[in-house]
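Each chain, written out:
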Amino acid sequence: MNKKLEPFRMLELHLQFQKLEEKWENIKEEYENDQTNAEEYTDRLIKLTAEKIKVLSEIYSMEYEA
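One structure accompanies this document, and this report is about it. The shown structure was predicted, so the numbers you read here are calculated from the model rather than taken from an experiment.

1. What about the nonpolar core?
Side chains of a nonpolar character, in soluble globular proteins, are inclined to be buried together. Ranked by size, the top nonpolar core spans 11 residues in total: Met10, Leu13, Phe17, Leu20, Ile27, Tyr41, Leu45, Leu48, Val55, Ile59 and Met62. Among the elements of the structure, helix H1 (6-33) and helix H2 (38-65) are those that each provide at least two residues to this core. Considering every element that reaches this core, the biggest residue donor is H2, with six residues. Apart from the residues within four sequence positions on either side, Leu20 is in contact with Leu48, Glu51, Lys52 and Val55.

The following block contains the structure:
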């Protein structure tokens, strides 16, 4: 990746991770308020967790390349 663009990509990844964290917390709160469909909430949390791992892996790979 272009060295000039790396700080912007890193910022973009951190913002993306922050949004995923917020979504994760919102889903968790929804589940705590309405536990009727635990499987749906679990599926949504697992998908978000996978996205978070993907973003974190890119952040860490950029950190270790630097």
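Anyway, onward from the coordinates.
2. Topic: H2
End to end, H2 covers 40 Å across 28 residues, agreeing with the expected 40 Å (1.5 Å per residue, within 8%). All of the buried residues in H2 are Tyr41, Leu45, Leu48, Lys52, Val55, Ile59 and Met62. Packing partners of the buried residues in H2 comprise H1.

Parameters at a glance
Residues numbered from 1 in each chain as written. Predicted model: local features only at pLDDT ≥ 70, side-chain atom pairs only at ≥ 80, totals over all residues. Heavy atoms only, no water. Core = buried A, V, L, I, M, F, W, Y, C linked by side-chain atoms within 4.5 Å. Buried < 20%, exposed > 50% of the residue type's maximum accessible area, 1.4 Å probe, protein only. Helix = DSSP H or I, 4+ residues; strand = E, 2+ residues; numbered from the N terminus. Contact = heavy atoms within 4.5 Å. Expected span 1.5 Å × (residues − 1).

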